[in-house]
Amino acid sequence: MSRARERRRLFAAIVSLGIANHTVLAGARVAVSLDALSHGATPATVGTLMALFAILPMLLGLWAGRVSDRVHCRVPMIGGCVGLVVATMLPALVPGYPALVVAATLVGFASIVFQVAVQHVAGELGEPAKRAKRFALVALAYSVSGMLGPLVAGFSIDHLGFRATFALLALIPLAPLAILASNRLALPGPVARDADTHRHGAFDLVRRPAMRRVLAINALFAIGWDLHTVFVPIVGARIGLSASEIGTVIAVFGFATFVVRFAMPWVASRVAETSVLAGALFVAAAAYAGFPFATGAPTLAALSFMLGLGLGSGQPMVMALLATRAPPGRMGEAAGLRMSLVQTSAVAVPLAFGAIGSTLGLVPVFWGIGALLLGGGVVARRGA
């Protein structure tokens, strides 16, 4: 078997393991929130539980990246699988709020450890010129699991109950764990690092202008994504949409990210990363500019679909640029730093912009983020 074919098979295996474990994360979000609501939790309590999924990734994402650089990537991937099994089994054995708190926190942490290692492998495995295509395929896979996880959790809860659902989720990572523990996958080991890596701390990455621009653009994509999640239900309620209509609008956004990521491998092989990022930010900015004028479900769904097309194309391009511009031996660290910024956005942005929306209204929020995205597109167009 040729070396290129072996790499393709290895990459396909890693993506499959990633789908399985990301399904657990997506399903756990649904199961934890609905279990808490079934016990009479307030929206504030549910919001806190959802924030717990991001709190440790926010604080320890950079550490996870450094571990991925310094040890064989099989180690954090196995650790992530074990963490997911333990986290999701706990509410199955000990129902109640304390178990949900621990489960949410540990699922988020275990997922970040595994995902950063997967991103590291995707960056190092194969030709550098095809990194954008590989990251586009990883993003597409996570779009699939992002839809699959809630379906698994929802149907399981309706037919089996909450405890059985958590037990089912705990079974899923056992397959990736067995495959990784068998040592059958020839995963890449640590990459040799230059002397500069040993002299400087992790945030030396931020002092590099090229890295700083890429991370700033990534932050804009994260902000745009998080705000959509928070404000679409608010806008929908204000214009009189039902819960099912609001849910459909959010699902349309998710479908758009799947569609665009399905096309990204083809786009990535023909268009420069910076051009794709600029176009994506311009599209997202236009969508946010239109949200204040939404008067019904069709308009809101169309704008959400447009926004999903823009934001959905960002992650694979950002990851490709990070892999290209990170110093030798620091790809995992760069991915971890990016993940920490994304999770910081997931915790802070809804709180900050929620307060602004409550005091000044939603129009300044939508147009303000639209202006930020537009500015980011200009920067990306000049060469992120």
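All of these numbers come straight from a predicted model, not from anything done at the bench.

## A look at the overall build of the chain
- A tally of helices and strands in the chain yields 15 helices and 0 strands.
- Here the contacts in the chain between residues at least 6 apart in sequence split such that 85% fall between residues at least 24 apart.
- Summing over all exposed atoms, the chain offers an accessible surface of approximately 16100 Å²; the carbon and sulfur share of this is 69%.

## Considering a positive patch on the surface
- On the surface, a cluster of positive charge is made up of Arg5, Arg8, Arg9, Lys133 and Arg270.
- The dominant element in the positive patch, judged by the number of residues it contributes, is helix H1 (residues 3-38), at 3 residues.
- Along the chain, the position of Arg9 falls in helix H1.

## A closer look at helix H7 (residues 174-181)
- The set of residues buried in H7 consists of Pro176, Leu177 and Leu180. End-on view of H7: buried residues confined to an arc of 100 degrees, all on one side of the axis.
- After H7 finishes, the residue Asn183 shows a positive phi value of roughly 65 degrees.

## Let's talk about the environment of Thr23
- Inspection of the secondary structure assignment puts Thr23 in helix H1.
- When its relative accessible area of 5% is taken as the criterion, Thr23 is described as buried.
- Excluding its chain neighbours within four sequence positions, the residues that come into contact with Thr23 are Ser145, Leu148, Gly149 and Ile172.

## Regarding the packing of helix H3 (residues 74-93) against H7
- Where H3 contacts H7, the two axes come as close as 9 Å, and the packing angle between them is 150 degrees. Here H7 runs roughly antiparallel to H3, going by the angle between their axes. Of the two elements, H3 crosses H7, and the hand of that crossing is left-handed. Residues Arg74, Met77, Ile78, Cys81, Val82 and Val85 of H3 pack against Leu174, Pro176, Leu177, Leu180 and Ala181 of H7.
- Residues of the contact of H3 with H7, tallied by class, amount to 10 nonpolar, no polar and 1 charged.

## Considerations on the nonpolar core
- Counting 46 residues, the largest nonpolar core has Leu277, Tyr288, Leu300, Leu307 and Leu373 as the members making the most contacts within it.
- Among the elements of the structure, helix H9 (209-238), helix H10 (243-268), helix H11 (273-290), helix H12 (297-312), helix H13 (314-325) and helix H15 (362-381) are those that each provide at least two residues to this core.
- In terms of residue count, H9 provides more of this core than any other element does, 11 residues in total.
- When residues no more than four places from it in sequence are discounted, the contact partners of Leu373 are Leu220, Leu281, Ala284, Ala285 and Tyr288.

## Quick look at the packing of aromatic side chains
- Counted according to the given criterion, the structure contains 5 aromatic pairs.
- Plain terms: the ring middles of Phe255 and Phe305 are 6.5 Å apart, the flat faces sit at 35 degrees to each other, and that makes the pair tilted. Placement of Phe255 in helix H10 and of Phe305 in helix H12 is noted, with a sequence separation of 50 residues between them.
- Since its relative accessible area comes to 45%, Phe255 is described here as partly exposed.
- For Phe305, a relative accessible area of 28% corresponds to the partly exposed category.
- For Arg29, the ring lying beneath its charged end belongs to Phe53, and the centroid distance is 5.1 Å.

## Brief notes about the side chain of Ser304
- Position of Ser304 among the secondary structure elements: in helix H12.
- When its relative accessible area of 0% is taken as the criterion, Ser304 is described as buried.
- Setting aside residues no more than four positions away along its own chain, Ser304 makes contact with His228, Val232, Val249, Phe253 and Phe291.

## A look at the packing of H3 against helix H6 (residues 162-171)
- Closest axis-to-axis distance for the H3/H6 pair is 7 Å, and the angle between their directions is 160 degrees. Viewed along their axes, H3 and H6 adopt a mutual orientation that is roughly antiparallel. As H3 packs across H6, the resulting crossing turns out to be left-handed. The segment H3 lies against H6, with Val85, Thr88, Met89, Pro91, Ala92 and Leu93 engaging Arg163, Phe166, Ala167, Leu169 and Ala170.
- For the contact of H3 with H6, the per-class residue count stands at 9 nonpolar, 1 polar and 1 charged.

## Brief notes about the environment of Leu277
- Mapped onto the secondary structure, Leu277 falls in helix H11.
- In sequence terms Leu277 and Val214 are 63 residues apart; their C-alpha atoms lie 9.9 Å from each other.
- If we skip the residues at most four places from it in the chain, Leu277 touches Ile217, Phe221, Gly314, Met317, Val318, Leu321 and Ala380.

## Concerning the environment of Ala103
- Structurally, Ala103 is set in helix H4 (residues 97-124).
- In this structure Ala103 comes out as buried when scored by relative accessible area, which is 2%.
- For Ala103, the residues in contact, after removing those within four places along its chain, are Ala87 and Pro91.

Analysis parameters
- Residues numbered from 1 in each chain as written.
- Predicted model: local features only at pLDDT ≥ 70, side-chain atom pairs only at ≥ 80, totals over all residues.
- Heavy atoms only, no water.
- Helix = DSSP H or I, 4+ residues; strand = E, 2+ residues; numbered from the N terminus.
- Contact = heavy atoms within 4.5 Å.
- Areas by Shrake-Rupley, 256 points an atom, 1.4 Å probe, with all protein chains shown as cover.
- Patch = residues over 30% accessible without salt bridge, like charges linked within 9 Å, V, L, I, M, F, W, Y side chains within 5 Å.
- Salt bridge = Lys/Arg side-chain N within 4 Å of Asp/Glu carboxyl O.
- Lys, Arg positive; Asp, Glu negative; His and termini not counted.
- Charge placed at Lys NZ, Arg CZ, Asp CG, Glu CD.
- Buried < 20%, exposed > 50% of the residue type's maximum accessible area, 1.4 Å probe, protein only.
- Arc of directions from axis to C-beta.
- Axes fitted to C-alpha atoms, helices over the stretch in contact; angles between N-to-C directions.
- Parallel < 35°, antiparallel > 145°, perpendicular 65-115°, else oblique.
- Left-handed = near helix turned anticlockwise from the far one by under 90°.
- Nonpolar A, V, L, I, M, F, W, Y, C, P; charged D, E, K, R; others polar.
- Core = buried A, V, L, I, M, F, W, Y, C linked by side-chain atoms within 4.5 Å.
- Phe/Tyr/Trp six-rings, centres within 6.5 Å; stacked < 30°, edge-to-face > 60°.
- Lys NZ or Arg CZ within 6 Å of the ring centre and 35° of its normal.

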